[in-house]
Amino acid sequence: TEYGDLVNQTYRNRQFASPPLYQFGDGRGFVQFEYSGLTVSPAAPRVCDDLTVQVSVTNPGATSADEVIQVYSRCPCSSTECETGNCASAAFSTPPSTTLIGFARETIPGGGVAHMVKVKIPAKTLAGFRASDMASVLRPGQLWLTAGGGQLNSRTSAGVLQLRLNVTGAEKLLEHC
């Protein structure tokens, strides 16, 4: 791929028109894991709450295998609104459209038995920057999470689960949480 003027620039928080050749977690394996039962606690989070994401992962194969369970936050608005920070319903400020906020590498036993995996999400990973003063803040609003073996809408997205939460409370500076 020709990256042109993007050489020696960071790729973080950049929005590209075309998808990357290989997404995070694009490693191939011999097992197609199955995901179900996505839950988050607390179920009604407030600003500054740490979250625990729990998901059931099943390995239908006969042999144990490792899986990297990935949790992403997604912008609930259009990508343009996300890039400019003008999405009033988002629970974060000026985020990229998709952000990896947590992951866990687990050995999932074979045989089709569900294995519960918990991923802890510290509140600070959900903070964004307020454009007016570049302060790191946590905001109330919609928070969309995905969990699975890859990103939503990618080659690795089979079985990626989605959940929408409503974060309540008043906007707070990260340092006050």
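Above this text sits the structure in question.
Because the structure is a prediction, the values reported are computed rather than measured.

A. How the structure looks around the state of the cysteines. Taken as a whole and judged by the stated rule, the model has one disulfide. Bridging Cys48 to Cys177, the disulfide has an S-S length of 1.7 Å. As the torsion about the S-S bond is roughly -45 degrees, the Cys48-Cys177 disulfide counts as left-handed. Residue Cys48 is located in the loop between β1 (34-41) and β2 (51-58), and its partner Cys177 is located in the segment after β10 (172-173); the two are separated by 129 residues in the primary sequence. Since its relative accessible area comes to 22%, Cys48 is described here as partly exposed. Accessibility expressed as a relative area gives 44% for Cys177, which makes it partly exposed.

B. A look at the sheet that holds β10. Spatially, β6-β7-β10 is the arrangement adopted by the three strands of the open sheet, whose pairing is antiparallel. Across the chains shown, the open sheet's two edge strands, defined by having one partner strand only, are β6 (128-130) and β10. Where strand β7 (residues 135-138) and β10 come together, two bridges link them in antiparallel fashion. Looking at β10, one finds that Leu138 is bridged to Lys172.

C. The arrangement of the nonpolar core in detail. One finds Leu51, Val53, Val57, Val117 and Leu145 to be the most contacted residues of the largest nonpolar core, which totals 26 residues. Sorting the residues of this core by element identifies β1, β2, β3 (65-74), β4 (98-108), β5 (114-121), β8 (141-148) and β9 (161-167) as the ones contributing at least two each. Among the elements that make up this core, the one with the highest residue count is β2 (four residues). In contact with Val53, not counting residues within four places along its chain, are Leu38, Thr39, Val40, Val71, Val117, Lys118, Val119, Ile121, Leu145 and Ala147.

Criteria and cut-off values
- Going along each chain's sequence as written, the residues are numbered from 1 onward.
- For a predicted model such as this one, the threshold for reporting local features is a pLDDT of at least 70, and the threshold for listing and counting side-chain atom pairs is 80 or more; totals across whole chains, interfaces and linings nevertheless cover every residue.
- With hydrogens and water stripped out, all remaining heavy atoms of the structure feed into the side-chain values.
- Disulfides are defined as cysteine sulfur pairs within 2.5 Å.
- Each helix is a run of DSSP H or I of at least 4 residues and each strand a run of E of at least 2, with the numbering of both proceeding from the N terminus.
- Using a 1.4 Å probe on the protein chains alone, a residue whose accessible area is under 20% of its type maximum counts as buried, one over 50% counts as exposed, and one in between counts as partly exposed.
- Pairing between strands is defined by DSSP: at least two bridges between the two strands are required.
- The set of buried Ala, Val, Leu, Ile, Met, Phe, Trp, Tyr and Cys residues whose side-chain atoms join them within 4.5 Å is what this entry labels a nonpolar core.
- By definition in these notes, contact holds between two residues if any of their heavy atoms fall within 4.5 Å.

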